[in-house]
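What follows is each chain in one-letter form.
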Amino acid sequence: MYWDKDLETMPGEALAAVQLERLQGTLQQAGKSPHYRKVFADRGIEPGKIRHLEDIRQLPFTTKEDLRAQFPYGLLSVDLKEVVRLHSSSGTTGRATVVFHNQKDIENWADLVSRCMYMTGVRQDDVFQNLTGYGLFTGGLGFHYGGERLGALTIPSGTGNTKRQILLMQQFGTTVIHLIPSYAMRLMQVMEELGVDPAVDLRLRIAFLGAEPHSEEVRQRVEGYFGVAAYNSYGLSEMNGPGVAFECPEKRGMHIWEDAFLVEIVDPKTLEPVETGQEGELVLTTLQREAMPIIRYRTSDLARILPGPCPCGRTHSRLARIMGRTDDMLIIKGVNIFPIQVEQTLMEIPEVGQNYLILLEKADGMDSMRIQVEVRSEIFEEDMRYLKGLEQKITRELRNELLITPKVELVQPNTLPRSQGKAVRVEDRRNA
Ligand code: ADP
Ligand code: ZN
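This structure is a prediction, so every number in the text was calculated from the model and none was measured.

Peer 1: I'd like a rundown of the nonpolar core, residues and numbers included.
Peer 2: Formed by 65 residues in total, the largest nonpolar core has its most connected members in F208, Y234, L284 and L319. A total of eight residues in this core trace back to one element, the largest contributor, which is helix α5 (residues 103-119). Contacts of Y234, omitting those with residues within four sequence positions, involve G241, G243, V244, A245, M254, L282, T299, D301, L319 and I322. Listed in part, the 48 residues of the second largest apolar core include A184, L360, I379 and V408.

Peer 1: Tell me about the coordination of the zinc ion (ligand 2), and please be specific about residues and values.
Peer 2: Within the protein, the atoms that donate to the zinc ion (ligand 2) are C248 (SG), H255 (NE2), C310 (SG) and C312 (SG), at distances of 2.1 to 2.3 Å. Between the four donor atoms coordinating the zinc ion (ligand 2), the angles at the centre fall across 103 to 116°, so the site counts as tetrahedral. Between consecutive donor residues of the zinc ion (ligand 2), the sequence gaps follow C-x6-H-x54-C-x1-C. In this pair, H255 is assigned in strand β9 (residues 254-256) and C310 in the loop between β12 (297-303) and β13 (318-319), connecting sequence segments 55 residues apart. Considered together, H255 and C310 belong to a single accessibility category, that of buried residues.

Peer 1: Any chance you could break down the site of ligand 1 for me, citing the residues and the numbers?
Peer 2: Around ligand 1, 19 residues are found, and the nearest of them are S90, G91, T92, S233 and D301. At 3.1 Å, a backbone N or O of A211 approaches a nitrogen atom of ligand 1. Residue D301 places a side-chain N or O atom 2.6 Å away from an oxygen atom belonging to ligand 1. Contact with the protein chains removes 97% of the 560 Å² of surface that ligand 1 exposes when unbound. No other element matches the five residues that strand β7 (residues 229-236) contributes to the shell around ligand 1.

Peer 1: Any details on the sheet that holds strand β18 (residues 407-411)? Residues and values, ideally.
Peer 2: As summarised here, the arrangement of the four strands in space is β18-β17-β16-β19, forming an open sheet in which the pairing is mixed. Two strands in the sheet have a free side with no partner beyond their single neighbour: β18 and β19 (426-428). Taken pair by pair, the neighbouring strands of this sheet meet at an average axis angle of 20°, ignoring direction. One ladder, built from three bridges, connects strand β16 (residues 352-363) with β19; its direction is parallel. Paired with L360 across the bridge in β19 is D428.

Peer 1: Which residues make up the sheet that holds strand β8 (residues 241-247), and what are the values?
Peer 2: The strand order across the open sheet formed by eight strands is β4-β3-β5-β6-β7-β8-β9-β13, and the pairing between neighbours is mixed. The sheet is open, and its two borders are formed by β4 (153-155) and β13, each paired with just one other strand. Where strand β3 (residues 127-130) lies against β4, three bridges are found, and the strand directions are parallel. Bridging from a neighbouring strand, F128 pairs with T154 of β4. Across the sheet, helix α8 (residues 181-194) lies against β5 (176-179) and β6 (206-210), angled at about 120° from β5, the strand it touches most. Across the sheet, helix α10 (residues 216-226) touches β6, β7 and β8, and the angle it forms with β7 is around 135°.

Peer 1: Can you tell me about helix α7 (residues 162-172), naming the residues and giving the values?
Peer 2: Listed as buried for α7 are T162, Q165, I166, L168 and M169. Along the axis of α7, the buried residues cluster in a sector spanning 155°; they form a single face. Looking at α7, the residues exposed on the side facing more than 90 degrees away from the buried face are K163 and Q171.

Peer 1: I'd like a rundown of empty space enclosed by the protein, residues and numbers included.
Peer 2: For the structure shown, the criterion picks out two cavities of 30 Å³ or more. Considered as a void within the structure, the largest cavity measures approximately 70 Å³ in volume. H101, D105, N108, W109, L112, N240, A260, F261, T286, L287, Q288 and R289 together form the lining of the largest cavity. Ranked by residues supplied to the lining of the largest cavity, first place goes to α5 with four residues. Split into classes, the residues belonging to the lining of the largest cavity amount to five nonpolar, five polar and two charged. By volume, the second largest cavity is sized at about 40 Å³.

Peer 1: Could you give an account of the domain arrangement of the protein, with specific residues and numbers?
Peer 2: What the domain assignment reports for the protein is domain 1 (1-326) and domain 2 (330-428). In this structure, domain 1 and domain 2 have C-alpha centres spaced 30 Å apart. Listed per partner, the contact involves 22 residues of domain 1 and 21 residues of domain 2. Taking both partners together, domain 1 and domain 2 bury about 1,800 Å²; carbon and sulfur atoms supply 50% of that area. Of all residues in domain 1, the largest losses of buried area upon contact with domain 2 belong to E217, R221 and M323, amounting jointly to 32% of the total for that side. Here domain 1 is connected to domain 2 by one salt bridge. The partner of R376 in a salt bridge is E192, and the shortest N-O contact between them spans 3.9 Å. Summed over the shared surface of domain 1 and domain 2, the number is twelve residue pairs in polar contact (both at pLDDT 80 or more). Looking at the side of domain 1 that touches domain 2, the elements that each hand over two or more residues are α8 and α10. Of the residues in the side of domain 1 that touches domain 2, the class split is nine nonpolar, six polar and seven charged.

Scoring rules and cut-offs
Residues numbered from 1 in each chain as written. Chains lettered and ligands numbered in written order. Predicted model: local features only at pLDDT ≥ 70, side-chain atom pairs only at ≥ 80, totals over all residues. Heavy atoms only, no water. Core = buried A, V, L, I, M, F, W, Y, C linked by side-chain atoms within 4.5 Å. Buried < 20%, exposed > 50% of the residue type's maximum accessible area, 1.4 Å probe, protein only. Helix = DSSP H or I, 4+ residues; strand = E, 2+ residues; numbered from the N terminus. Contact = heavy atoms within 4.5 Å. Donors = N, O, S within 2.8 Å, 3.2 Å for Na, K, Ca; no water. Tetrahedral: all angles 85-135°; square planar, octahedral: opposite > 155°, others 65-115°. Near = heavy atom within 4 Å. Polar contact = N/O pair within 3.5 Å; in protein donor to acceptor, adjacent residues only side chain to side chain. Areas by Shrake-Rupley, 256 points an atom, 1.4 Å probe, with all protein chains shown as cover. Pairing = 2+ DSSP bridges. Axes fitted to C-alpha atoms, helices over the stretch in contact; angles between N-to-C directions. Arc of directions from axis to C-beta. 1 Å grid on protein atoms, 1.4 Å probe; cavity = no way out; pocket = protein on both sides within 12 Å on 5 of 7 lines; lining within 4 Å. Points joined across faces, edges and corners; volume = space filled by probe spheres on them. Nonpolar A, V, L, I, M, F, W, Y, C, P; charged D, E, K, R; others polar. Domains from an automatic or database assignment. Buried area = accessible area lost by both parts, 1.4 Å probe. Salt bridge = Lys/Arg side-chain N within 4 Å of Asp/Glu carboxyl O.

What follows is the structure, given as structure tokens:
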């Protein structure tokens, strides 16, 4: 179902009742897995006794380490013969984790993703090109099934071969694209090089950007260049993948589908709930999954719930843009810095191109930060004074935002390394 008005606009109390019923079912189901059976037994937890949503706090968190320790089948709650699919995380922060689905899980997931797409205005007559990795990464198949469920013509173009991607867009009149933000920036660069003008040569109208932290400035660049409305898409493989939280046309926060996920935000140190509206670590419980329910999963993502109702009428809470993971924070000269702050600042400067790299180094026992910034190639035709001036301007803007002074280096477009999957924004050479 791609537009479920009753469910999406359900008043808070009714939604909480749906959640409670599904939570109770989930706990029963989870109790069938070796891991949770032991957790419940060790702590004397009787799933049947959970009567209120708040009671979930009596249950322990599940961490990435738990998933790794229980690899591969420790959290499986159904017979293996019922399982039809497995996916895994991208392994951005260490060994990848694996998640299993039965047929019903796959269908519920497709429903969630199609709900997200429909919300932004995608319809059956759209041509949806999915420029993300097919395979263990959830962005490919997750969006693919969502697009098909909605009835859009879905092109599984995958990643890479940027020229062919553009050709497909031209041949089939692609109207909707899904891609990770760092690839969107790359695509822009290639189109520029090839002289493709999206306004004239393409029919794009919607873009979904997900799987990586990205700033409002990146969204604006994507919207401006491709002439699309761009929507932020949040998900993680442990919670299926895409389809967890998604922006509506208001573009003020991502609705997190609370009929499918129970949301908590906790202080990452004390693990106590934060005050409503404060930033903390996002903790999620699956409410629909059968093959592998996960209870109180510590996502390590830093998130905040936006206050108040959304003008679109949907009642499911909204997450503010995710600034990064708890372990993304850099501490340089005693100052806390998130890589996304660097991006925000750089992307506001028109001369700055589409890629950058943060290098952490040690000089004389002190940590220092060097930032390599791709700038538009015409800039290198200017004289040294102009280049120095631009370098100083970028340094000044960064100092205002970061409160430390990084060393800025301007480099030619296409010279910084690009990763196959998610962009690596920070290279730590301090212990090299
Ligand atoms: P990995 O954790 O190995 O990267 P996943 O592919 O499951 O594996 O990625 C999920 C993670 O990607 C999330 O936990 C989050 O850190 C990041 N992420 C996904 N979507 C977004 C988004 N829209 N904004 C910021 N970060 C995101
Ligand atoms: Zn809304």
